[in-house]
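Chain by chain, the residues:
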Amino acid sequence: MTNIAAPLRPRAPFPLHRHAALLALLALIVFNVVTTPRFLTLATLNINLTQTATIVIVGIGMTFVIATRGIDLSVGSLMAISGAIAPLLFLNPALAPSIGTPLAFVLPVLATGLLGAFNGLLVTRFAVQPIIATLVLFIAGRGIAQVISGGQLINFTQASFTALGSARVLGISVQVLIMLVLLAAAVFVLTRTLFGRYVIAVGGNPEAARLSGVPVDRIRMLVYVISGLLAGLAGLIVIAINTSSDSNLVGQNMELDAIAAVAVGGTALNGGRVTMVGTLIGALFIQLLRYTLLVKGVPDAAAIVIKAAVIIVAVALQYRRR
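Residues numbered from 1 in each chain as written. Predicted model: local features only at pLDDT ≥ 70, side-chain atom pairs only at ≥ 80, totals over all residues. Heavy atoms only, no water.

An unreviewed UniProt entry annotates the chain as ABC transporter permease of Deinococcus sonorensis KR-87. If you open the UniProt record of the chain and go to Subcellular location (unreviewed entry), you find "Cell membrane". (UniProt positions renumbered as here; feature names shortened; annotations may be inferred.)

S.K.: How should I be thinking about the overall build of the chain in this particular structure?
M.R.: Counting its secondary structure elements, the chain contains 13 helices and four strands. For the chain, the C-alpha radius of gyration of 21 Å lies close to 20 Å, the compact-globule estimate for 322 residues. If one aligns the C-alpha atoms of the chain with their principal axes, the spans along those axes are about 85 × 55 × 35 Å. A buried classification covers 47% of the 322 residues belonging to the chain. When contacts within the chain are restricted to residue pairs at least 6 apart in sequence, those whose partners lie at least 24 apart make up 77%. Distance between charge centres in the chain, computed from 20 positive and 7 negative side chains, equals 14 Å. (Helix = DSSP H or I, 4+ residues; strand = E, 2+ residues; numbered from the N terminus. Rg over C-alpha atoms; globule rule 2.2 N^0.38 Å. Buried < 20%, exposed > 50% of the residue type's maximum accessible area, 1.4 Å probe, protein only. Contact = heavy atoms within 4.5 Å. Lys, Arg positive; Asp, Glu negative; His and termini not counted. Charge placed at Lys NZ, Arg CZ, Asp CG, Glu CD.)

S.K.: I tried to follow the packing of aromatic side chains on my own but got confused; where do I start?
M.R.: Geometry of an aromatic ring pair is reported as the spacing of the ring centres plus the angle between the planes. In total, this model carries six aromatic pairs according to the counting rule given. Pairing F64 with F195 gives two aromatic rings, centres 6.0 Å apart and planes at 50°, and the pair type is tilted. Within this pair, whereas F64 is found in helix α2 (residues 42-67), its partner F195 is found in helix α8 (residues 194-204), the two being separated by 131 residues in sequence. By the burial criterion, F64 is buried, and F195 matches it. Where F105 meets F161, the ring centres are 5.1 Å apart and the plane angle is 20°; that geometry is what we call stacked. On the criterion of sequence distance, the pair formed by F105 in helix α4 (residues 97-124) and F161 in helix α6 (residues 159-166) is long-range, its members being 56 residues apart. Exposure remark for F105: the relative accessible area of 29% places this residue in the partly exposed category. Chaining the aromatic ring pairs together yields one cluster made of F90, F105, F156 and F161. (Phe/Tyr/Trp six-rings, centres within 6.5 Å; stacked < 30°, edge-to-face > 60°.)

S.K.: Before we go on, may I ask you to explain the UniProt feature "transmembrane region" (unreviewed entry) in the chain in this structure?
M.R.: As recorded in UniProt, the sites labelled "transmembrane region" (unreviewed entry) are residues 45-66, 73-91, 103-124, 131-149, 169-190, 221-241, 261-289 and 301-319. Here residues 73-91 is 84% helix and 0% strand, with 30 Å between the C-alpha atoms at its ends. Across residues 169-190, the secondary structure splits into 77% helix and 14% strand, with the terminal C-alpha atoms separated by 28 Å.

S.K.: I'm lost on the side chain of N48 in this one. Help?
M.R.: Considering the arrangement of structural elements, one finds N48 in helix α2. When near neighbours in sequence (up to four residues on either side) are disregarded, N48 contacts Q287, L288 and Y291.

S.K.: Mind showing me how you'd approach the nonpolar core here?
M.R.: Proteins that are soluble and globular tend to have nonpolar side chains buried together. In terms of nonpolar packing, the biggest core is built from 64 residues, with I60, F64, M79, F161 and V199 touching the most fellow members. Counting residues per element, this core draws most heavily on helix α10 (residues 216-242), at 12 residues. Discounting chain neighbours no more than four positions away, the residues touching M79 are V58, A231, A234, G235, V238, V250, G251 and M254. Y291, A303, V310 and A314 belong to the second-largest nonpolar core, a separate cluster that totals 18 residues. (Core = buried A, V, L, I, M, F, W, Y, C linked by side-chain atoms within 4.5 Å.)

S.K.: Looking at this model, I keep getting lost on helix α11 (residues 254-265). Mind explaining?
M.R.: Two residues of an α-helix separated by three or four positions point the same way, owing to the 3.6 residues in each turn. With 12 residues, α11 should reach 16 Å at 1.5 Å per residue; the first-to-last C-alpha distance of 16 Å fits that figure. Of all 12 residues in α11, 11 are buried, a share of seventy percent or more. Among the residues of α11, those classed as buried are M254, E255, D257, A258, I259, A260, A261, V262, A263, V264 and G265. Of the residues trailing α11, G266 is marked for its positive phi of about 115°. (Expected span 1.5 Å × (residues − 1).)

S.K.: Sorry, what's going on with the pattern of salt bridges here?
M.R.: Should their charged atoms come close, side chains of opposite charge can pair. Overall, the coordinates contain two salt bridges when judged by the stated rule. Between E207 and R210 there is a salt bridge, and its shortest N-O distance comes to 4.0 Å. Separated by three residues within a single helix, E207 and R210 lie in helix α9 (residues 206-211), roughly one turn from each other. For R210, a relative accessible area of 37% translates into the label partly exposed. Here R290 and D257 are joined by a salt bridge, their closest N and O atoms 2.8 Å apart. (Salt bridge = Lys/Arg side-chain N within 4 Å of Asp/Glu carboxyl O.)

S.K.: Explain α10 to me, please; I cannot follow it from the model alone.
M.R.: Helix length check: α10 (27 residues) gives 40 Å between terminal C-alpha atoms against 39 Å at 1.5 Å per residue, within 8%. Looking one or two places after α10, you find T243, whose phi comes out positive at around 50°.

S.K.: Would you mind showing me how to read the packing of helix α7 (residues 174-192) against α8 here?
M.R.: What describes two packed helices is the angle between their axes and the distance between those same axes. In contact at an axis separation of 5 Å, α7 and α8 are set at 75° when each is read in the N-to-C sense. On the basis of the axis angle, α7 is roughly perpendicular to α8. The segment α7 lies against α8, with V189, L190 and R192 engaging L194, F195, G196, R197, V199 and I200. (Axes fitted to C-alpha atoms, helices over the stretch in contact; angles between N-to-C directions. Parallel < 35°, antiparallel > 145°, perpendicular 65-115°, else oblique.)

Below, the structure written as structure tokens:
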């Protein structure tokens, strides 16, 4: 008996389903060009890029986590913790500015990295489901931040710290440059290093990866540490932009924005397909969607509901492709 192979379908040169986020972003840009006055201005571009920067920075860590079939709900609370610790250092009269300010950039990020390791420990050592493991700090983290700050709104004017949110290099905001550097580094790590290949292998088939000698638990631990570190950095940027720290508001709903950016960008929520550039496109789409709703007079509360709907649609489309 002779087996007859089915004819191979020619591959589409531009598969629409793989570029749905980019097409949606372009459609939103065209919509605003036509309907929103003064949309094509440098001021509008700068507003949207600076607002996108923290989403992308947190989204990079979230992409690594989701690539291993995990999720990190604690990123917003970790931002609040980072934002609560920093003023205690650069406003501390016992520390000279030359010591307090550098410590304010380093120690809060290290603290949130350790909390990310705590998430990773729950997932790897105690086999807690990622959504439950990170829910612990999602709830408790904001309380920890309030304890650290005494529940007070802290205002500050230290130029050496607020430069993180207000300085510009060649007309480009510092946080946007940080976002671009981190994104380029993440793309390099994911595509050119052994760690990146391990991340994709763990997300594709954890058991097969383990049998192939991949240190699955160590990789999972590291992605949660990365997510914690980047959330801490994003928290510093947010309080530097606002020149104040409010533990109740810093990082609020950031987990929703980051997950939405990753899902809309095309990274598979059940592993096996990862795209950092997609996360950037997803974050730009989420931010531009929020901007569009606000300029059209839609309340921010309704915008959150619409973002949740976007996540549902993105996830539904992912499962439909399978």
